[in-house]
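Here's the letter readout for the chains.
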Amino acid sequence: MSLTAREYDPRELVPEFVRIYGGRGEDVAVFSSPARINIIGEHIDYNGGKVFPAAINRYLYVAIRKRSDTKVVYNDVRFPGTFEFDINDDFAFDKKNDYANYLNGILSQMKARGCRFGCGFEILMVSNVPAGGGISSSSALECGFAYAVSETFGFGIGRIEIAKLGQMSEHNFMGVNCGIMDQFIIATGKRNFAEMLDCATLEYEYAPLELGDYRFVVMNTNKVRKLADSKYNERRGECEEALRRLRAGGVDIEALCDMTPARWGEVRGIVGEPVLERRVTHCVNENQRVLDAVDALRAGDLARLGSLLKESHASLRDDYEVTGVELDTLADSACAQEGCLGARMTGAGFGGCAIALVHKDSVGSFIENVQREYSAKIGYEAGFFACESGDGVSRLI
Ligand code: GLA
């Protein structure tokens, strides 16, 4: 699905549910789960850093109803085929289960926590979040499903725990050693606010997302990501190795982002390998940029925020090396347009999406120009949309 595909209207979901499963529409509950952008603070959630994401107004929807038997049935409006399990199954990972693995990962975690299901259930899902597009389609799925099941069965699992369930499912089922940022913002996000999350303590603070005449434009490279997961784990491994060397060398830190840029300057010689040094340089500086960005937003200094976005992208390109020609082309072209204050990749990188801070009157010409430059250089089109903030996982109906 491209970012410009028709958005599914969630009001169509209950009638569709009844067409598939029969029964009464009144018994069906519908939940929504947002996509996210990360404004700044990239690849530091797993390094004890601070991040600054926001939930956006693109959602995945989950319609759900308990069954009178023990079956668990999944359908998705856009993916043909039905998945059927039994609530007493052990819900182990199985490649042939495709997207159902994300859901089974959540169920297996819930059962491990002692959640007891008296019966099965059936769901129908649909997502307006492009899959693999870098705005966290998989976390939207994990957290939306976890919340829907928890509310339907009265488990009352809190939002932070929902986020952790999503992250664990990703680690144990999907083999991606991700941080907590995506699931956290999807579980706790609030419309009109971005969120500053301290990933070392999970303390968080909402900051009004007041952009005046500016909008965040999401730009999708539409690049098929293949190696993304292994590269992600590789970066994580490099950070762990750098941390190990620093600690062995007597630096008293729990995580890389415990160091200020000044402290890093004093001890960088200990790491003893240029690639690892560059990774740490990114982490330490990016953490500082998050603090600066939150201050800039609070002060209404959008020009400063834009400069920080540019610096972040350069650091992810040169020091962390997770951008690639597609994201660099989008970011460079974006920054050269009139009305754009800054742009950067968002999420894991290696493809996926970038964001740009653009004046509302320039959004049309901005998209046209960046699209032209991107497709001339890359050979296929990018996807664009101007987003607004959104709400974290919620019950709609
Ligand atoms: C992915 C992961 C997050 C985070 C970002 C990079 O989105 O799921 O935990 O590490 O990459 O900032």
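Looking up the protein in an unreviewed UniProt entry gives the name Galactokinase, with the organism given as Treponema saccharophilum DSM 2985.

Student: I keep staring at unusual backbone geometry and nothing clicks. Help me out?
Tutor: Negative phi characterises most residues that are not glycine, and trans characterises most peptide bonds. The backbone of Asn222 sits at a positive phi, close to 55 degrees, despite the residue not being glycine. Inspection of the secondary structure assignment puts Asn222 in the loop between strand S8 (214-220) and helix H6 (228-248). Take Asn222: its relative accessible area is 28%, and that puts it in the partly exposed class. Of note in this structure, Glu321 is not a glycine but carries a positive phi near 55 degrees. In this structure, Glu321 sits in the loop between helix H9 (302-318) and helix H10 (325-335).

Student: I would appreciate a short explanation of helix H5 (residues 181-188) in the present structure.
Tutor: An α-helical segment advances 3.6 residues per turn. Residues three or four places apart therefore align on the same side. In terms of burial, H5 is largely enclosed, as eight of its eight residues are buried. If you check which residues of H5 are buried, you get Met181, Asp182, Gln183, Phe184, Ile185, Ile186, Ala187 and Thr188. At its buried positions, H5 is contacted by strand S1 (29-40), strand S2 (50-66), helix H3 (137-152), helix H4 (159-174), strand S6 (193-198) and strand S7 (203-208).

Student: How do you make sense of H10 when you look at a structure like this?
Tutor: With eight of 11 residues buried, H10 is to be regarded as a mostly interior element. On the buried face of H10, the contacting elements are S8, H9, strand S9 (340-346), strand S10 (353-359), helix H11 (363-378) and strand S11 (383-387).

Student: Can you help me understand the UniProt feature "binding site: Mg(2+)" (unreviewed entry) in the protein in this one?
Tutor: What UniProt calls "binding site: Mg(2+)" (unreviewed entry) maps, in this numbering, to Ser138 and Glu170. Spanning 33 residues, the named residues nonetheless gather at one spot, since no C-alpha pair among them exceeds 8.7 Å. By the secondary structure assignment, Ser138 is in helix H3. Excluding anything up to four places from it in sequence, Ser138 contacts Tyr102 and Glu170. Among the structural elements, Glu170 can be located in helix H4.

Student: Help me out: how do you make sense of the domain arrangement of the protein in this one?
Tutor: For interface size, the figure often reported is the accessible area lost on association. Domain annotation of the protein identifies domain 1 (10-210) and domain 2 (215-387). Of the residues lining the interface, 38 residues belong to domain 1; the matching set on domain 2 comes to 42 residues. For the domain 1 face of the interface with domain 2, the top three residues by lost area are Ile40, Glu42 and His43, together amounting to 21%. Scanning the region where domain 1 abuts domain 2 turns up two salt bridges. Between Arg298 and Glu205 there is a salt bridge; the shortest N-O distance is 2.9 Å.

Conventions we followed
Residues numbered from 1 in each chain as written. Predicted model: local features only at pLDDT ≥ 70, side-chain atom pairs only at ≥ 80, totals over all residues. Heavy atoms only, no water. Helix = DSSP H or I, 4+ residues; strand = E, 2+ residues; numbered from the N terminus. Buried < 20%, exposed > 50% of the residue type's maximum accessible area, 1.4 Å probe, protein only. Contact = heavy atoms within 4.5 Å. UniProt positions renumbered as here; feature names shortened; annotations may be inferred. Domains from an automatic or database assignment. Buried area = accessible area lost by both parts, 1.4 Å probe. Salt bridge = Lys/Arg side-chain N within 4 Å of Asp/Glu carboxyl O.

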